[in-house]
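Report on the structure
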Amino acid sequence: MEKLVIRGGKPLTGRVRISGAKNAVLPVIASTLLVNGTCCIRGVPCLTDVRMMVDLLGYMGADISWEGETLSVRAGNLNNREAPFEYVSKMRASFLIMGPLLARFGQARIFMPGGCNIGTRPIDLHLKGFVSLGAEVIKEKGYVEARIRDRLKGTRVYLDFPSVGATENIMMAAVMAEGTTHIQNAAEEPEIVDLANFLNAMGGRVSGAGTNLITIEGVPSLRGSTHTVIPDRVEAGTYMVAATLTGGEVYLENVISEHLKPVIAKLEEVGAKIKNGGAGVRVTAPDKILPINLQTLPYPGFPTDMQSQMTSLLAVADGTSIITETVFENRFMHTEELIRMGADIKVDGRIAVIKGVSRLSGARVQATDLRGGAALIIAALAASGQTEIGYVYHVDRGYERLEEKLGGLGADISRA
Ligand code: UD1
């Protein structure tokens, strides 16, 4: 099993280019199933999650070529219209193919995604949307099957929680429905806007993406199109936190600072200086990290995907901080590993109380999930001595060329 070896204590300095967003590219790839024609996607990051989605489409019979950052997909006549256990168990986002398959073929069968380590993560809101659109949903032998008799029919769907995945899946299903669909209490994340832009480039009529009311006027058919995915705001945020914690100064290229507003606001509260310039953002660490309180929320609130990284930062703040996680119920697993590195953190349910210590020290730890792994890397970069981080495959799901990028900023990091 691969591990990362980091010798900490070096401030990160220099420039780093942020990759295309994992959470934007996955639904965009899924939506290529809506059309017969060729779709060309640019800015595709080379990540294991993206590879998994590409392999899934290949398994279904799509023609795919992936060169550098450009992915070309032609989902002509698919011979498989289901996603088996092997794919869904490794990546929940595989479930995003259900909406497009239902819209195009009137039928889809996907292994039921179970809970995962950050929370139970049900799919009830996705299914509620499909049923409202007129699909019949059956659960049997571990699979969820959805089918329709004729065409999906436009409807009004209210989401009890603004789920990112449910909003995307319902958008993709409704884009070729008969009539108009309104998604109320929709997720407002930038990745939803990116998907809507791609659907519209394919001939769809989606409006309101980025607000809590999305309107989708169904069209009879769509065509292949070209799209460049937005930069990854979580990767960017991770490098910003790393620069702040290590006492460094980093310029991030290829970022949309608007998408990072909540992260920038909290880093400024901690004392970091953030400056927009050109197509990038410069982060300068403060002399002293100030304690803060933060609460994760759906966008435009503070992203749950940045919570773990902030825990590492606040572990060495000059005082006590409180983090409240409201999106996923089990997203503090990384705190036990940080405690091994000398952090003083008490977790009670969805609340973590972090008493800042003067310095973390290197230890042998394990990545517990994707962002929890990122948190350990950040902590290790600032810790004294050597840290070995196991289960690094979690991190490879979401960070492209990690050692190369961190090494370029002066970190002492290698893979063993
Ligand atoms: C997406 C992101 C993930 C991010 C999360 C929240 C992708 C590929 N992943 O995940 O990185 O952490 O948004 O910003 O884009 N829920 C239900 N029923 C449902 C669906 C969700 O109760 O049918 C609940 C979940 O259990 C969770 C909350 O809603 O508590 C948020 O989940 P959701 O927004 O759906 O996250 P994902 O789309 O899975």
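To keep things clear, this report deals only with the structure shown in the data block. (Residues numbered from 1 in each chain as written. Predicted model: local features only at pLDDT ≥ 70, side-chain atom pairs only at ≥ 80, totals over all residues. Heavy atoms only, no water.)

Per the counting criterion, the structure on display carries four aromatic pairs. The interplanar angle of 45 degrees and the centroid separation of 5.5 Å between the aromatic rings of tyrosine 59 and tyrosine 87 together place this pair among those described as tilted. Of this pair, tyrosine 59 sits in helix α2 (residues 48-60) while tyrosine 87 sits in helix α3 (residues 85-88), placing them 28 residues apart in sequence. Three or more aromatic residues joined by ring pairs make a cluster, and in this case those are Phe85, Phe111 and Tyr143. The ring of phenylalanine 105 is capped by arginine 81, whose NZ or CZ atom sits 3.9 Å from the centre of that ring. Stacked on the ring of tyrosine 143, the Lys or Arg arginine 109 has its end atom at 3.9 Å from the ring centre. (Phe/Tyr/Trp six-rings, centres within 6.5 Å; stacked < 30°, edge-to-face > 60°. Helix = DSSP H or I, 4+ residues; strand = E, 2+ residues; numbered from the N terminus. Lys NZ or Arg CZ within 6 Å of the ring centre and 35° of its normal.)

Moving on, we come to the pairing of strand β13 (residues 213-217). Pairing analysis gives five bridges linking strand β11 (residues 180-184) to β13, with the strands arranged antiparallel. Among the inter-strand pairings, threonine 181 is bridged to a residue of β13, identified as isoleucine 216. As judged from the three bridges shared by strand β12 (residues 205-207) and β13, these two strands associate in the antiparallel manner. The partner of valine 206 across the bridge, within β13, is isoleucine 216. The antiparallel hairpin formed by β12 and β13 contains five residues in its connecting segment, where glycine 208 sits at a positive phi of about 90 degrees. (Pairing = 2+ DSSP bridges.)

If you check the shell around the ligand, you find 16 residues, and the closest are Asp124, Leu125, Ser163, Asp305 and Val327. Taking serine 163, its side chain carries an N or O atom lying 2.6 Å from an oxygen atom of the ligand. Note that an oxygen atom of the ligand is positioned 2.6 Å from one of the backbone N or O atoms of valine 327. Among the elements of the structure, α5 (124-132) and α6 (164-174) are those that each provide at least two residues to the shell around the ligand. The residue makeup of the shell around the ligand, split by class, is seven nonpolar, five polar and four charged. (Near = heavy atom within 4 Å. Polar contact = N/O pair within 3.5 Å; in protein donor to acceptor, adjacent residues only side chain to side chain. Nonpolar A, V, L, I, M, F, W, Y, C, P; charged D, E, K, R; others polar.)

Counting buried residues along helix α10 (residues 307-314), eight of its eight residues qualify, which places the element largely inside the surrounding structure. All buried positions along α10 are accounted for by Gln307, Ser308, Gln309, Met310, Thr311, Ser312, Leu313 and Leu314. (Buried < 20%, exposed > 50% of the residue type's maximum accessible area, 1.4 Å probe, protein only.)

One can find arginine 151 in the loop between β9 (143-147) and β10 (156-158). With relative accessibility at 32%, the residue arginine 151 sits in the partly exposed group. The sequence separation of arginine 151 and valine 281 amounts to 130 residues, and the corresponding C-alpha distance is 46 Å. Not counting the four nearest positions on each side in its chain, arginine 151 is found in contact with Met176, Ala177, Glu178, Val219 and Pro220. (Contact = heavy atoms within 4.5 Å.)

A few words on the sheet that holds β13. On the basis of which strands lie adjacent, the open sheet formed by four strands has the order β10-β11-β13-β12 and mixed pairing. A strand with exactly one partner marks an edge of an open sheet, and here the two such strands are β10 and β12. Across the sheet, the axes of successive neighbouring strands diverge by a mean angle of 15 degrees, strand direction being ignored. (Axes fitted to C-alpha atoms, helices over the stretch in contact; angles between N-to-C directions.)

All chains considered together, the criterion is met by three cavities of 30 Å³ or more. Every residue lining the largest cavity is listed: Thr238, Tyr239, Ala242, Ala374, Ile377, Ile378, Leu381, Tyr399, Leu402 and Leu406. Mapped by element, the contributors of at least two residues to the lining of the largest cavity are α8 (233-245), α12 (370-382) and α14 (402-408). Per element, the largest residue contribution to the lining of the largest cavity is four residues, and it comes from α12. (1 Å grid on protein atoms, 1.4 Å probe; cavity = no way out; pocket = protein on both sides within 12 Å on 5 of 7 lines; lining within 4 Å. Points joined across faces, edges and corners; volume = space filled by probe spheres on them.)

Function cannot be inferred from these measures alone, as they are strictly geometric.
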